[in-house]
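# Examination of the molecular architecture
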Amino acid sequence: SMIGRHIPPRQGRQGFWDTLVVGFLLALSPICIYYAASDRYRPNTTLLVATGIFGIIVLIVAEGLSRPPHNGPHEFVMQNQKKGKRDDDERVLVCLGDSLTHGACSANWVNDVESSLTNQVQNKANTRIKVNVVNAGQNSICTDTVLNEKVNHVVACQPDYIFIMIGSNDAMAIYRDDWAKERMNIWNLTERPNEDVLIRNLTDIVKALLAHTTVVIAIATLPLFGEISGSDSNKIIESINRRIKTLEYLFLGEIKNNSRETQRVSVIDVNFALWDEISSRRSSKNNTKATHSIDMFLPYAIVMGLLHCVFGLSWNVLTRLFTGNIVLSESLHLNEDGGSIVRNEVVKW
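Below is a summary of the structure that appears in this document. All of these numbers come straight from a predicted model, not from anything done at the bench.

### Some words on the overall build of the protein chain
When its secondary structure is counted, the protein chain shows 14 helices and 7 strands. Summarising the internal contacts of the protein chain: among those between residues at least 6 apart in sequence, 73% fall at separations of at least 24. Here the protein chain displays about 17,200 Å² of accessible surface, and carbon together with sulfur accounts for 54% of that area.

Structure representation (structure tokens):
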């Protein structure tokens, strides 16, 4: 509980958005004051109104894409402290990851896991067990920051199960130099992410969680970098995933005894499940091959994020309008169809 009291409600890239909004408003304030106080020029009402509307839209989009999950570690720990002792029939699953888990600029599959798991457990075992799901996802985060900050947040939740899907931002830094510089600046990284660093950090994350909890852990392979099979970006993902799959054997000796022996660490091949869905749907609909690479994700992400936050359009609708992808919206983040596949993999596990 002492750890939990120090979990900030907003962290990392979420603070970047706060700075962006404040800087935007401060930059515009001199213009507004100038026009309001000028003796030479009449105040331009149209400009002031347009500025105000634009500022409101920026605020809505920035908050919509960066807000912390309502069921994040901070909220969960605070709620538990008020509640006191956890009920015997409660179980806690923590989903640890980046923006693909966070669910603000990607489909929020984590919210669907709780009801699906609770219904499945109660129907199968005829019990009153309830599964609480904590969303420990955070936009743009790399494995280094997860290891040095997020692990403590996860431990504070006292979980029974942990699902880890982390490393996409490290992979982006491996793929492009400008993305590497951006992530190193945002997270104050002392070394540029590479494949060895990613696997080392992921291994240390799992070791730390095993050492401080009695949980059962699932590590997911990384999702796709665009839906173009064999692209340079997806070759990086494939290489990383080959090494992620070996972690299951690295922790083979970790056994949890709870009336039966349970392997404490396993790997879920989320990447394969996503490609399988793409292959199935493209062949059944006689679809053409994907053409949108991850290199163009940012312009699409800005436009699609604006339409999602301001007009409430789903990621599936935006995908059909802009990219024609199957499981990804703008070739990085998951749409609702992609999110449902990840959710199903977690529930099956």
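Once the structure has been displayed, the description carries forward.
### Some words on the state of the cysteines
By the definition in use, this model includes 0 disulfides. Among the cysteines around Cys 105, which has no disulfide bond, Cys 309 carries the closest sulfur, lying 8.9 Å off.

### Side note on the sheet that holds strand S3 (residues 161-165)
With respect to topology, 5 strands assemble into an open sheet ordered S2-S1-S3-S4-S7, the strand pairing being parallel. In the strand order of this sheet, the two ends are held by strand S2 (130-137) and strand S7 (265-268), each with one partner. Geometrically, the sheet is characterised by an average inter-axis angle of 20 degrees between neighbouring strands, direction not taken into account. Where strand S4 (residues 216-220) meets S7, 4 bridges bridge the pair, whose relative direction is parallel. Within the sheet, the bridge partner assigned to Ala 220 lies in S7 and is Ile 268. Lying on the sheet, helix H6 (residues 143-156) is in contact with strand S1 (90-97), S2 and S3; it crosses S1 at an angle near 165 degrees. Where helix H10 (residues 232-250) meets the sheet, its contacts fall on S4 and S7, and the angle it forms with S7 comes to roughly 155 degrees.

### What about the packing of aromatic side chains?
Enumeration over the complete set of coordinates arrives at 5 aromatic pairs. Relative to Phe 163, the ring of Trp 109 has its centre 5.7 Å away and its plane inclined at 85 degrees; by these criteria the two rings are edge-to-face. Of this pair, Trp 109 sits in the loop between helix H4 (99-102) and helix H5 (110-125) while Phe 163 sits in strand S3, placing them 54 residues apart in sequence. Under the relative-accessibility criterion, Trp 109 is labelled buried at 1%. Given the relative accessible area of 0%, Phe 163 is considered buried. Seen from their ring centres, Tyr 161 and Trp 349 are 6.1 Å apart, and the 85 degrees between their planes marks the pair as edge-to-face.

### Focus: H10
In this model H10 runs 28 Å from its N-terminal to its C-terminal C-alpha over 19 residues, within 8% of the 27 Å that 1.5 Å per residue would give. Every buried residue of H10 is listed here: Ser 233, Asn 234, Ile 236, Ile 237, Ile 240, Asn 241, Ile 244 and Leu 247. Across the axial projection of H10, the buried residues extend over an arc of 140 degrees, all falling on one side. In H10, the exposed positions that point more than 90 degrees away from the buried face belong to Asp 232, Arg 242 and Tyr 249.

### Quick look at the side chain of Asn 234
By the secondary structure assignment, Asn 234 is in helix H10. Among the polar contacts listed, one links the side chain of Asn 234 to the backbone nitrogen of Phe 225, at a separation of 2.9 Å. In this structure, Asn 234 is in contact with Leu 224, Phe 225, Gly 226, Ile 228 and Trp 275, ignoring residues within four places of it in sequence.

The rules behind each value
Residues numbered from 1 in each chain as written. Predicted model: local features only at pLDDT ≥ 70, side-chain atom pairs only at ≥ 80, totals over all residues. Heavy atoms only, no water. Helix = DSSP H or I, 4+ residues; strand = E, 2+ residues; numbered from the N terminus. Contact = heavy atoms within 4.5 Å. Areas by Shrake-Rupley, 256 points an atom, 1.4 Å probe, with all protein chains shown as cover. Disulfide = S-S within 2.5 Å. Pairing = 2+ DSSP bridges. Axes fitted to C-alpha atoms, helices over the stretch in contact; angles between N-to-C directions. Phe/Tyr/Trp six-rings, centres within 6.5 Å; stacked < 30°, edge-to-face > 60°. Buried < 20%, exposed > 50% of the residue type's maximum accessible area, 1.4 Å probe, protein only. Expected span 1.5 Å × (residues − 1). Arc of directions from axis to C-beta. Polar contact = N/O pair within 3.5 Å; in protein donor to acceptor, adjacent residues only side chain to side chain.

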